[in-house]
Amino acid sequence: MPRFSGKVALITGGASGIGRATAELLAREGARVVIADRCREEGDALAARLRHDHGDALFIESDVACPASVESLVVRTMHEYGRIDCAINNAGLSETPIDMIDAPDEQWERLMSVNLRGVWLSMQHEIRAMLATGGAIVNVSSRTGLVGKPRLAIYTAGKHGVLGLTRSAAVDYARHGIRINAVCPGLVRTPFVETKYGDRLPALAHSMNPLGRIGEPEEIAECIAWLCSDAASFVVGVALPVDGGAVA
Ligand SMILES: NC(=O)c1ccc[n+]([C@@H]2O[C@H](COP(=O)([O-])OP(=O)(O)OC[C@H]3O[C@@H](n4cnc5c(N)ncnc54)[C@H](O)[C@@H]3O)[C@@H](O)[C@H]2O)c1
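Presented here is a report on the structure given in the accompanying data block. (Residues numbered from 1 in each chain as written. Predicted model: local features only at pLDDT ≥ 70, side-chain atom pairs only at ≥ 80, totals over all residues. Heavy atoms only, no water.)

1. Digging into the overall build of the chain
Of the regular secondary structure elements, the chain holds nine helices and seven strands. Here the C-alpha radius of gyration of the chain, 17 Å, is about what a compact globule of 248 residues would show, namely 18 Å. Taken along its principal axes, the extent of the C-alpha atoms in the chain is 45 × 35 × 35 Å. Put simply, the chain has 248 residues, and 50% of those count as buried. Entry remark: accessible area of the chain is about 11300 Å², with carbon and sulfur atoms responsible for 54%. Here the chain carries 25 positive and 29 negative side-chain charges, and the mean point of each set is 4 Å from the other. (Helix = DSSP H or I, 4+ residues; strand = E, 2+ residues; numbered from the N terminus. Rg over C-alpha atoms; globule rule 2.2 N^0.38 Å. Buried < 20%, exposed > 50% of the residue type's maximum accessible area, 1.4 Å probe, protein only. Areas by Shrake-Rupley, 256 points an atom, 1.4 Å probe, with all protein chains shown as cover. Lys, Arg positive; Asp, Glu negative; His and termini not counted. Charge placed at Lys NZ, Arg CZ, Asp CG, Glu CD.)

2. Structural notes on the sheet that holds strand β3 (residues 57–61)
Strands sit in the order β3-β2-β1-β4-β5-β6-β7 across an open sheet of seven strands; the sheet is parallel. The open sheet is flanked by β3 and β7 (239–242), the only strands paired with a single partner. Between one strand axis and the next, the sheet turns by 20° as a mean value, whatever way the strands run. Each of β2 (32–37) and β3 is contacted by helix α2 (residues 40–54), which is oriented at about 170° to β3, the strand it contacts most. Packing against the sheet, helix α5 (residues 117–130) makes contact with β1 (8–12), β4 (86–89), β5 (135–140) and β6 (178–185), and its axis sits at approximately 175° to β5. (Pairing = 2+ DSSP bridges. Axes fitted to C-alpha atoms, helices over the stretch in contact; angles between N-to-C directions. Contact = heavy atoms within 4.5 Å.)

3. Considering unusual backbone geometry
One non-glycine residue, Arg151, lies in positive phi territory at about 65°. With respect to the element layout, Arg151 can be found in the loop between β5 and α6 (153–173).

4. Looking at the nonpolar core
By size, the foremost hydrophobic cluster in this structure holds 32 residues, and its most contacted members are Leu26, Val33, Ile35, Leu50, Ile88, Val183 and Ile224. Those elements that place two or more of their residues in this core are β1, α1 (17–28), β2, α2, β3, β4, β5 and α9 (217–228). Those residues in contact with Ile224 that lie beyond four places of it in its chain are Ile18, Thr22, Ile88, Val138, Val140 and Val183. Counting 22 residues, the second-largest nonpolar core is a separate cluster that includes Ile60, Ala87, Ala129 and Ile137. (Core = buried A, V, L, I, M, F, W, Y, C linked by side-chain atoms within 4.5 Å.)

5. Some words on helix α3 (residues 67–81)
Quick reminder: α-helices carry 3.6 residues per turn. Residues three or four places apart thus point the same way. For α3, built from 15 residues, the straight-helix expectation of 21 Å at 1.5 Å per residue is met to within 8% by its first-to-last C-alpha distance of 21 Å. For α3, every residue scored as buried is listed here: Ser69, Val70, Leu73, Val74, Thr77 and Tyr81. Take α3 and look down its axis: the buried residues cluster within an arc of 135°, on one side only. Relative to its buried face, α3 has exposed residues pointing more than 90 degrees away, namely Ala68, Val75 and His79. Elements that come into contact with the buried residues of α3 comprise β1, β2, β3 and α5. (Expected span 1.5 Å × (residues − 1). Arc of directions from axis to C-beta.)

6. Details of the pairing of β2
For β2, a buried count of five out of six residues is recorded, marking the element as mostly surrounded by other parts of the structure. Alignment of β1 against β2, held across five bridges, turns out to be parallel. By the bridge assignment, Ala9 is partnered in β2 with Val33. The parallel pair β1 and β2 is bridged by α1, and the resulting crossover is right-handed. For the crossover that starts at β2, traverses α2 and ends in the parallel β3, the hand is right-handed. (Right-handed = clockwise from strand over helix to strand, strands pointing away.)

Here it is in C-alpha coordinates:
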(Lines give C-alpha, C1' and ligand atoms only; values in the text may rest on other atoms or scores of the structure.)
Protein backbone atom coordinates (compact mmCIF):
# COMPACT_ATOMS: atom_id res chain seq x y z
CA MET A 1 0.00 0.00 0.00
CA PRO A 2 1.57 3.38 -0.98
CA ARG A 3 2.31 5.45 2.13
CA PHE A 4 -0.07 8.34 1.22
CA SER A 5 -2.88 6.21 -0.18
CA GLY A 6 -6.25 7.91 0.48
CA LYS A 7 -4.61 11.08 1.81
CA VAL A 8 -5.22 14.62 0.55
CA ALA A 9 -2.19 16.93 0.39
CA LEU A 10 -2.32 20.68 -0.20
CA ILE A 11 0.91 22.32 -1.43
CA THR A 12 1.28 26.08 -1.76
CA GLY A 13 3.81 27.20 -4.36
CA GLY A 14 3.34 23.72 -5.80
CA ALA A 15 3.90 24.63 -9.45
CA SER A 16 7.70 24.96 -9.30
CA GLY A 17 10.88 23.87 -7.55
CA ILE A 18 10.57 22.26 -4.10
CA GLY A 19 6.76 22.44 -4.14
CA ARG A 20 6.59 20.76 -7.50
CA ALA A 21 8.96 17.96 -6.45
CA THR A 22 6.84 17.45 -3.32
CA ALA A 23 3.61 17.30 -5.33
CA GLU A 24 5.18 14.73 -7.67
CA LEU A 25 6.47 12.57 -4.80
CA LEU A 26 3.23 12.62 -2.78
CA ALA A 27 1.15 11.88 -5.90
CA ARG A 28 3.48 8.99 -6.79
CA GLU A 29 2.96 7.65 -3.26
CA GLY A 30 -0.82 7.69 -3.53
CA ALA A 31 -1.95 11.16 -2.35
CA ARG A 32 -4.55 13.29 -4.08
CA VAL A 33 -2.62 16.54 -4.38
CA VAL A 34 -3.92 20.09 -4.56
CA ILE A 35 -1.39 22.40 -6.18
CA ALA A 36 -1.91 26.02 -5.13
CA ASP A 37 0.10 28.64 -6.96
CA ARG A 38 -0.06 32.04 -8.61
CA CYS A 39 1.23 30.54 -11.87
CA ARG A 40 -1.76 29.12 -13.71
CA GLU A 41 0.04 27.71 -16.74
CA GLU A 42 2.63 25.65 -14.81
CA GLY A 43 0.11 24.61 -12.15
CA ASP A 44 -2.49 23.44 -14.68
CA ALA A 45 0.11 21.51 -16.67
CA LEU A 46 1.49 19.78 -13.57
CA ALA A 47 -1.97 18.82 -12.29
CA ALA A 48 -2.90 17.43 -15.71
CA ARG A 49 0.29 15.33 -15.79
CA LEU A 50 -0.25 14.02 -12.24
CA ARG A 51 -3.86 13.15 -13.07
CA HIS A 52 -2.68 11.26 -16.13
CA ASP A 53 0.10 9.41 -14.27
CA HIS A 54 -1.48 8.84 -10.85
CA GLY A 55 -5.26 9.36 -11.07
CA ASP A 56 -6.14 12.52 -9.17
CA ALA A 57 -4.75 16.04 -8.75
CA LEU A 58 -6.14 19.53 -8.80
CA PHE A 59 -4.68 22.97 -9.50
CA ILE A 60 -6.20 25.97 -7.71
CA GLU A 61 -4.91 29.38 -8.69
CA SER A 62 -4.17 31.19 -5.43
CA ASP A 63 -2.17 33.96 -3.85
CA VAL A 64 -1.05 33.19 -0.28
CA ALA A 65 -0.60 36.91 0.38
CA CYS A 66 -4.35 37.45 -0.09
CA PRO A 67 -6.63 36.39 2.81
CA ALA A 68 -9.68 35.80 0.59
CA SER A 69 -7.64 33.68 -1.81
CA VAL A 70 -6.27 31.46 0.98
CA GLU A 71 -9.73 31.04 2.48
CA SER A 72 -11.20 30.06 -0.85
CA LEU A 73 -8.30 27.63 -1.51
CA VAL A 74 -9.08 25.70 1.66
CA VAL A 75 -12.86 25.90 1.17
CA ARG A 76 -12.53 24.57 -2.38
CA THR A 77 -10.17 21.78 -1.30
CA MET A 78 -12.63 20.71 1.42
CA HIS A 79 -15.48 20.90 -1.08
CA GLU A 80 -13.62 18.72 -3.63
CA TYR A 81 -12.06 16.17 -1.26
CA GLY A 82 -13.74 16.61 2.16
CA ARG A 83 -10.47 16.62 4.13
CA ILE A 84 -6.86 17.83 4.24
CA ASP A 85 -4.39 15.34 5.69
CA CYS A 86 -1.15 17.11 4.79
CA ALA A 87 -0.46 20.78 4.12
CA ILE A 88 2.88 22.03 2.87
CA ASN A 89 3.28 25.79 3.14
CA ASN A 90 6.03 26.33 0.63
CA ALA A 91 5.18 29.41 -1.46
CA GLY A 92 7.96 31.96 -1.11
CA LEU A 93 9.83 34.81 -2.74
CA SER A 94 13.58 35.42 -2.80
CA GLU A 95 15.18 38.74 -1.90
CA THR A 96 17.61 40.72 -4.01
CA PRO A 97 20.60 41.17 -1.68
CA ILE A 98 20.77 44.71 -0.30
CA ASP A 99 22.24 46.45 2.76
CA MET A 100 19.53 46.56 5.40
CA ILE A 101 19.72 50.33 5.77
CA ASP A 102 19.00 50.76 2.06
CA ALA A 103 16.09 48.30 1.78
CA PRO A 104 12.85 50.07 0.87
CA ASP A 105 9.64 49.55 2.88
CA GLU A 106 8.06 48.08 -0.24
CA GLN A 107 10.58 45.21 -0.13
CA TRP A 108 9.58 44.42 3.47
CA GLU A 109 5.86 44.43 2.57
CA ARG A 110 6.29 42.28 -0.54
CA LEU A 111 8.46 39.60 1.08
CA MET A 112 6.73 39.44 4.45
CA SER A 113 3.25 39.29 2.89
CA VAL A 114 4.19 36.04 1.10
CA ASN A 115 6.98 34.45 3.16
CA LEU A 116 5.56 35.06 6.65
CA ARG A 117 1.96 36.28 6.49
CA GLY A 118 1.25 33.73 3.75
CA VAL A 119 2.30 30.90 6.09
CA TRP A 120 0.27 32.37 8.96
CA LEU A 121 -2.89 32.75 6.83
CA SER A 122 -2.48 29.30 5.32
CA MET A 123 -2.00 27.64 8.71
CA GLN A 124 -5.07 29.37 10.16
CA HIS A 125 -7.35 27.89 7.51
CA GLU A 126 -5.58 24.52 7.28
CA ILE A 127 -5.69 23.99 11.05
CA ARG A 128 -9.42 24.81 11.17
CA ALA A 129 -9.97 22.25 8.42
CA MET A 130 -7.87 19.64 10.26
CA LEU A 131 -9.39 20.03 13.73
CA ALA A 132 -11.92 17.23 13.17
CA THR A 133 -9.55 14.74 11.54
CA GLY A 134 -5.99 15.60 12.61
CA GLY A 135 -3.22 16.02 10.06
CA ALA A 136 0.34 17.14 9.41
CA ILE A 137 1.64 20.53 8.34
CA VAL A 138 5.15 21.21 7.06
CA ASN A 139 6.28 24.80 6.64
CA VAL A 140 9.19 25.54 4.33
CA SER A 141 11.60 27.84 6.14
CA SER A 142 15.29 27.97 5.15
CA ARG A 143 18.82 27.57 6.41
CA THR A 144 18.34 31.34 6.66
CA GLY A 145 15.64 30.65 9.25
CA LEU A 146 18.37 29.32 11.56
CA VAL A 147 21.32 31.65 10.93
CA GLY A 148 21.84 35.20 9.71
CA LYS A 149 22.88 35.83 6.12
CA PRO A 150 24.62 38.95 4.81
CA ARG A 151 22.44 41.49 2.98
CA LEU A 152 19.27 39.38 3.23
CA ALA A 153 17.75 40.83 6.40
CA ILE A 154 14.10 40.76 5.35
CA TYR A 155 14.19 37.25 3.89
CA THR A 156 16.11 36.09 6.99
CA ALA A 157 13.61 37.70 9.37
CA GLY A 158 10.69 36.15 7.49
CA LYS A 159 12.19 32.67 7.57
CA HIS A 160 13.03 32.97 11.29
CA GLY A 161 9.39 34.05 11.73
CA VAL A 162 8.18 30.91 9.97
CA LEU A 163 9.95 28.85 12.65
CA GLY A 164 8.30 30.91 15.40
CA LEU A 165 4.89 30.29 13.85
CA THR A 166 5.72 26.60 13.40
CA ARG A 167 6.75 26.07 17.02
CA SER A 168 3.82 28.05 18.46
CA ALA A 169 1.25 26.28 16.33
CA ALA A 170 2.96 22.92 17.01
CA VAL A 171 2.55 23.21 20.78
CA ASP A 172 -0.99 24.62 20.47
CA TYR A 173 -2.38 21.92 18.18
CA ALA A 174 -0.45 18.72 18.93
CA ARG A 175 -3.24 17.62 21.27
CA HIS A 176 -5.71 18.01 18.40
CA GLY A 177 -3.74 15.41 16.46
CA ILE A 178 -2.12 17.99 14.18
CA ARG A 179 1.66 17.66 13.89
CA ILE A 180 3.36 20.84 12.68
CA ASN A 181 7.03 20.95 11.66
CA ALA A 182 9.37 22.85 9.36
CA VAL A 183 12.18 22.08 6.95
CA CYS A 184 15.13 24.43 6.53
CA PRO A 185 16.62 23.85 3.07
CA GLY A 186 20.10 25.01 2.13
CA LEU A 187 20.91 25.93 -1.44
CA VAL A 188 18.61 23.93 -3.74
CA ARG A 189 18.56 23.87 -7.55
CA THR A 190 15.27 25.61 -8.41
CA PRO A 191 14.25 28.58 -10.58
CA PHE A 192 14.32 30.59 -7.32
CA VAL A 193 18.14 30.28 -7.04
CA GLU A 194 18.95 29.84 -10.73
CA THR A 195 17.44 33.28 -11.36
CA LYS A 196 19.18 34.77 -8.35
CA TYR A 197 22.75 33.42 -8.84
CA GLY A 198 22.99 32.61 -12.57
CA ASP A 199 26.54 31.67 -13.65
CA ARG A 200 27.90 32.01 -10.10
CA LEU A 201 25.84 29.02 -8.95
CA PRO A 202 28.35 26.16 -9.44
CA ALA A 203 31.15 27.93 -7.53
CA LEU A 204 28.78 29.10 -4.83
CA ALA A 205 27.32 25.62 -4.41
CA HIS A 206 30.81 24.17 -3.97
CA SER A 207 31.64 26.51 -1.08
CA MET A 208 28.21 26.45 0.54
CA ASN A 209 28.27 23.26 2.62
CA PRO A 210 30.44 20.29 3.65
CA LEU A 211 29.01 18.12 0.85
CA GLY A 212 30.30 20.70 -1.65
CA ARG A 213 27.25 20.58 -3.88
CA ILE A 214 23.83 22.07 -4.41
CA GLY A 215 20.76 20.17 -3.18
CA GLU A 216 18.08 18.87 -5.52
CA PRO A 217 14.37 19.67 -4.97
CA GLU A 218 13.65 15.93 -4.67
CA GLU A 219 15.97 15.73 -1.62
CA ILE A 220 13.87 18.35 0.19
CA ALA A 221 10.64 16.69 -0.96
CA GLU A 222 11.74 13.39 0.65
CA CYS A 223 12.14 15.11 4.04
CA ILE A 224 8.81 16.90 3.70
CA ALA A 225 7.10 13.62 2.85
CA TRP A 226 8.71 11.91 5.84
CA LEU A 227 7.53 14.68 8.20
CA CYS A 228 4.01 14.32 6.74
CA SER A 229 4.05 10.54 7.09
CA ASP A 230 3.13 8.29 10.01
CA ALA A 231 6.82 7.38 10.29
CA ALA A 232 7.24 10.82 11.94
CA SER A 233 4.33 10.30 14.36
CA PHE A 234 6.30 11.51 17.43
CA VAL A 235 7.95 14.47 15.66
CA VAL A 236 6.44 17.84 16.59
CA GLY A 237 7.74 21.39 16.24
CA VAL A 238 11.12 20.61 14.69
CA ALA A 239 13.08 22.83 12.30
CA LEU A 240 14.88 20.21 10.21
CA PRO A 241 17.96 21.45 8.33
CA VAL A 242 18.23 19.82 4.90
CA ASP A 243 21.33 21.61 3.74
CA GLY A 244 24.29 19.28 3.14
CA GLY A 245 25.62 20.23 6.58
CA ALA A 246 25.73 24.00 6.00
CA VAL A 247 24.37 24.92 9.44
CA ALA A 248 26.50 22.28 11.15
N1 LIG B 1 15.78 27.04 -3.57
C2 LIG B 1 16.46 27.27 -2.45
O3 LIG B 1 17.71 27.27 -2.42
C4 LIG B 1 15.73 27.50 -1.17
C5 LIG B 1 16.47 27.48 0.01
C6 LIG B 1 15.81 27.67 1.21
C7 LIG B 1 14.44 27.86 1.24
N8 LIG B 1 13.75 27.88 0.06
C9 LIG B 1 12.31 28.08 0.17
O10 LIG B 1 11.65 27.05 -0.53
C11 LIG B 1 10.36 27.53 -0.97
C12 LIG B 1 10.19 27.15 -2.42
O13 LIG B 1 11.20 27.79 -3.17
P14 LIG B 1 11.74 27.24 -4.55
O15 LIG B 1 13.21 27.36 -4.48
O16 LIG B 1 11.12 25.95 -4.89
O17 LIG B 1 11.21 28.43 -5.50
P18 LIG B 1 10.41 28.50 -6.87
O19 LIG B 1 10.46 29.92 -7.29
O20 LIG B 1 10.88 27.43 -7.81
O21 LIG B 1 8.93 28.13 -6.41
C22 LIG B 1 8.16 28.98 -5.62
C23 LIG B 1 6.72 28.87 -6.05
O24 LIG B 1 5.95 29.70 -5.19
C25 LIG B 1 4.99 30.38 -5.99
N26 LIG B 1 4.56 31.59 -5.32
C27 LIG B 1 5.28 32.72 -5.09
N28 LIG B 1 4.53 33.64 -4.48
C29 LIG B 1 3.29 33.08 -4.33
C30 LIG B 1 2.09 33.54 -3.78
N31 LIG B 1 1.96 34.79 -3.29
N32 LIG B 1 1.02 32.71 -3.75
C33 LIG B 1 1.12 31.46 -4.28
N34 LIG B 1 2.24 30.98 -4.85
C35 LIG B 1 3.31 31.79 -4.87
C36 LIG B 1 5.72 30.67 -7.30
O37 LIG B 1 4.81 30.95 -8.35
C38 LIG B 1 6.49 29.37 -7.49
O39 LIG B 1 5.74 28.44 -8.23
C40 LIG B 1 10.36 29.02 -0.69
O41 LIG B 1 9.60 29.28 0.47
C42 LIG B 1 11.82 29.36 -0.47
O43 LIG B 1 11.99 30.45 0.40
C44 LIG B 1 14.36 27.70 -1.14
